[in-house]
Amino acid sequence: MKTIEVHISNRLGLHARAAAKLVHTASEYESDIFLSLNQEEVNAKSILGLLTLAATKGTTLGLRVDGVDEDSASRAIVSLFEDKFGEGE
Amino acid sequence: MKQSLSIADLLGQPCMAHLGLNVIGGAAGLSRRIVTSPRIQKSGLALAGLEGYVKEGRLQVLGASEFDFLKTLGSELAEKRLLALVCSGIPGIICTKGHRPHESVLRCCDEAGVPMLCTDSLTSDLIESIAPFLEDFFSPRIQMHGVLVDVFSKGTLILGEPGIGKSECALELIYRGHRLVADDVVVIKRFHRTGLQGSAHERLAHFLELRGVGIIDVRNHFGMTASSDSVNISLIIQLIKLSREAREQEMIRRERHLRGERMTHETQEILGIPVRKYIMAVAPGRDVALMVETAVRKSILMGRGIDDEGSFLQRIERIAAGEEA
């Protein structure tokens with residue numbers, strides 16, 4: 001199991017489209033993937049839960065990845081956050 | 001982390017409004033998070049001079065009987081006991097039925113930052129309003145990934161990995177007249193150490209997400225009776241992918257069932273409370289919602305002492321033993 005922190009740096013935060021992209025990426029992996037904020041943990045493969053986090057720019061989320069492909073899965077998720085979900089700002 | 005509540009938070013609750021609580025002392029302590037217990041305490045024993053009867057973190061309530069008793073002590077001793085109570089590390093005091101302590105006690109509350117409140121309501125009314133709120137606030141809770149549906153008033157928690165069909169199953173159950181409580185994020189609270197109450201995350205109430213369709217508000221699609229705010233969780237349905245292993249497990253469970261080990265059903269603990277669990281493999285041609293509904297019916301019947309398999313198997317055994325044709 002891997003636990004790391006990810007930082008939201010895109011202007012709009014973890015809004016609906018970004019969340020959809022995250023679900024898309026997370027669903028490509030076998031591992032269980034969870035994101036948490038203030039002790040609330042949600043499944044990263046499911047969009048409604050992600051939206052409840054209502055995470056804005058500047059927020060740091062906990063990422064927990066557990067499974068056979070946890071290394072590549074966490075790398076992919078981290079780079080998605082670093083890449084500002086491909087939004088460029 | 002131990003949960004705590006400030007008196008200001010408590011006063012801000014809608015359920016407190018009708019009590020007409022006034023702060024008459026110790027206002028400086030209103031926003032300190034000091035209430036740590038879901039129970040209130042009547043201060044009688046402490047006022048009688050018995051030490052060690054003030055429980056930490058509990059709101060203290062002084063009603064008519066406490067004030068009557070203080071009168072019998074004489075003003076000097078009564079004041080001394082009240083001051084000792086104020087200084088014993090309590091989160092605050094509420095005086096009911098319009099009683100208020102002497103100014104010197106209020107001054108002590110101001111100095112110590114211990115809020116003193118008063119209300120014209122009866123002690124019983126106060127407790128009736130405050131106790132359910134505190135019980136709810138302090139109840140242990142968790143969030144689970146799953147779907148919760150009220151099926152024949154039984155909270156049915158559907159678990160399984162993302163994409164296995166939990167929301168689709170919930171939709172089919174709604175079509176059959178059952179109610180959605182929560183999709184994706186289920187908030188579960190344990191109350192009175194025995195019950196589990198499930199509800200939706202406040203931002204997700206009555207929403208359902210269907211892959212390939214989008215987010216739907218079930219109230220728009222099916223009307224207000226298609227969703228419910230909360231339900232007591234009675235059983236868990238674990239959905240799993242059909243695999244060789246899953247089939248194997250199904251066979252083993254069926255054998256155990258037919259050997260009469262019906263009472264050895266599977267359970268899963270939530271917040272320390274065991275909940276009956278059915279494991280169902282999802283496969284083409286299996287109507288999961290129908291299976292879920294049937295499992296709930298079966299558990300309701302079991303609760304009434306009606307056991308489908310038991311009576312069937314007994315009859316077969318009697319025939320096998322030659323007792324019945």
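Just so we're clear, the structure is a prediction, and the values are computed from it rather than from any experiment.

## Section: the interface of chain B and chain A
So, step 1. Chain B puts 15 residues into the contact, and the matching count from chain A is 14 residues.
So, step 2. Between chain B and chain A, a total of about 1100 Å² is buried, with carbon and sulfur atoms accounting for 60% of that surface.
So, step 3. Counting the contacts that link chain B with chain A gives zero salt bridges.
So, step 4. Residue assignment for the side of chain B that touches chain A shows that the elements contributing at least two residues are strand E8 (141-151), strand E10 (179-191) and strand E12 (207-210) of chain B.
So, step 5. Classifying every residue of the side of chain B that touches chain A gives seven nonpolar, three polar and five charged.

## Brief notes about the sheet that holds strand E1 (residues 2-7) of chain A
In a beta sheet, neighbouring strands are held together by backbone hydrogen bonds and run either parallel or antiparallel to one another.
Residue and element names in this part refer to chain A.
So, step 1. Strand order in the open sheet formed by four strands is E1-E4-E2-E3, and the pairing between neighbours is antiparallel. Edge strands, defined here as strands with exactly one partner in the open sheet, are E1 and strand E3 (40-43). On average, each strand axis in the sheet is tilted by 30 degrees relative to the strand beside it, whichever way the strands run.
So, step 2. As paired elements, strand E2 (residues 32-37) and E3 share four bridges and run antiparallel to each other. In the strand pairing of E3, Phe 34 is matched with Asn 43.

## Describing the pattern of salt bridges
So, step 1. Throughout the structure, instances matching the rule amount to twelve salt bridges over all chains.
So, step 2. In this structure, Asp 71 of chain A engages Lys 2 of chain A in a salt bridge whose closest nitrogen and oxygen atoms are separated by 3.2 Å. Separated by 69 residues along the polypeptide, Asp 71 of chain A in helix H3 (residues 70-82) and Lys 2 of chain A in strand E1 bring together distant segments of the chain.
So, step 3. The exposure class of Lys 2 of chain A is partly exposed, given its relative accessible area of 29%.
So, step 4. A salt bridge links Glu 172 of chain B to Arg 176 of chain B; its shortest N-O distance comes to 3.7 Å.
So, step 5. Look at Glu 172 of chain B and you get partly exposed, because its relative accessible area is 33%.
So, step 6. The exposure class of Arg 176 of chain B is partly exposed, given its relative accessible area of 32%.

## Brief notes about empty space enclosed by the protein
So, step 1. Going through the model one piece at a time under the given rule, you end up with two cavities of 30 Å³ or more.
So, step 2. Quantified by volume, the largest cavity comes out at close to 120 Å³.
So, step 3. Contributing to the lining of the largest cavity are 16 residues, with Ser 46 of chain A together with Lys 166, Ser 167, Asp 184 and Arg 211 of chain B lying nearest its centre.
So, step 4. The set of elements that each furnish at least two residues to the lining of the largest cavity consists of helix H2 (47-52) of chain A together with E8, helix H7 (166-175) and E10 of chain B.
So, step 5. Here the element with the most residues in the lining of the largest cavity is H7 of chain B; it accounts for three residues.

## Let's talk about a nonpolar patch on the surface
So, step 1. A cluster of nonpolar residues, Leu 45, Leu 50 and Tyr 53 of chain B, forms a patch on the protein surface that exposes about 280 Å² of accessible area.
So, step 2. The exposure class assigned to Leu 45 of chain B is partly exposed, which follows from its relative accessible area of 43%.

## Some points on the packing of helix H1 (residues 16-26) of chain A against H3 of chain A
Residues and elements named next belong to chain A.
So, step 1. With their axes 10 Å apart at the nearest point, H1 and H3 run at an angle of 160 degrees to one another. With respect to each other, H1 and H3 are oriented roughly antiparallel. Note that H1 runs across H3; the crossing there is right-handed. Each of Lys 21, Leu 22, Thr 25 and Ala 26 in H1 lies in contact with H3, whose residues at this interface are Ala 76, Ile 77, Leu 80 and Phe 81.
So, step 2. Looking at the contact of H1 with H3 residue by residue, the class counts come to six nonpolar, one polar and one charged.

## Examining unusual backbone geometry
Among all residues except glycine, the phi angle is most often negative; among peptide bonds, the trans geometry is most common.
So, step 1. Backbone geometry places Ser 153 of chain B, a non-glycine residue, at a positive phi of 70 degrees.
So, step 2. One non-glycine residue, Asp 184 of chain B, lies in the positive phi region at around 80 degrees.

## Brief notes about the side chain of Ser 139 of chain B
Residue and element names in this part refer to chain B.
So, step 1. With respect to the element layout, Ser 139 can be found in the loop between helix H6 (123-138) and E8.
So, step 2. One polar contact links the side chain of Ser 139 to the main-chain carbonyl oxygen of Asp 136, over a distance of 2.8 Å.
So, step 3. Aside from chain neighbours lying at most four places away, what touches Ser 139 is Gln 3, Lys 189 and Arg 190.

Scoring rules and cut-offs
Residues numbered from 1 in each chain as written. Chains lettered and ligands numbered in written order. Predicted model: local features only at pLDDT ≥ 70, side-chain atom pairs only at ≥ 80, totals over all residues. Heavy atoms only, no water. Contact = heavy atoms within 4.5 Å. Buried area = accessible area lost by both parts, 1.4 Å probe. Salt bridge = Lys/Arg side-chain N within 4 Å of Asp/Glu carboxyl O. Helix = DSSP H or I, 4+ residues; strand = E, 2+ residues; numbered from the N terminus. Nonpolar A, V, L, I, M, F, W, Y, C, P; charged D, E, K, R; others polar. Pairing = 2+ DSSP bridges. Axes fitted to C-alpha atoms, helices over the stretch in contact; angles between N-to-C directions. Buried < 20%, exposed > 50% of the residue type's maximum accessible area, 1.4 Å probe, protein only. 1 Å grid on protein atoms, 1.4 Å probe; cavity = no way out; pocket = protein on both sides within 12 Å on 5 of 7 lines; lining within 4 Å. Points joined across faces, edges and corners; volume = space filled by probe spheres on them. Patch = residues over 30% accessible without salt bridge, like charges linked within 9 Å, V, L, I, M, F, W, Y side chains within 5 Å. Areas by Shrake-Rupley, 256 points an atom, 1.4 Å probe, with all protein chains shown as cover. Parallel < 35°, antiparallel > 145°, perpendicular 65-115°, else oblique. Left-handed = near helix turned anticlockwise from the far one by under 90°. Polar contact = N/O pair within 3.5 Å; in protein donor to acceptor, adjacent residues only side chain to side chain.

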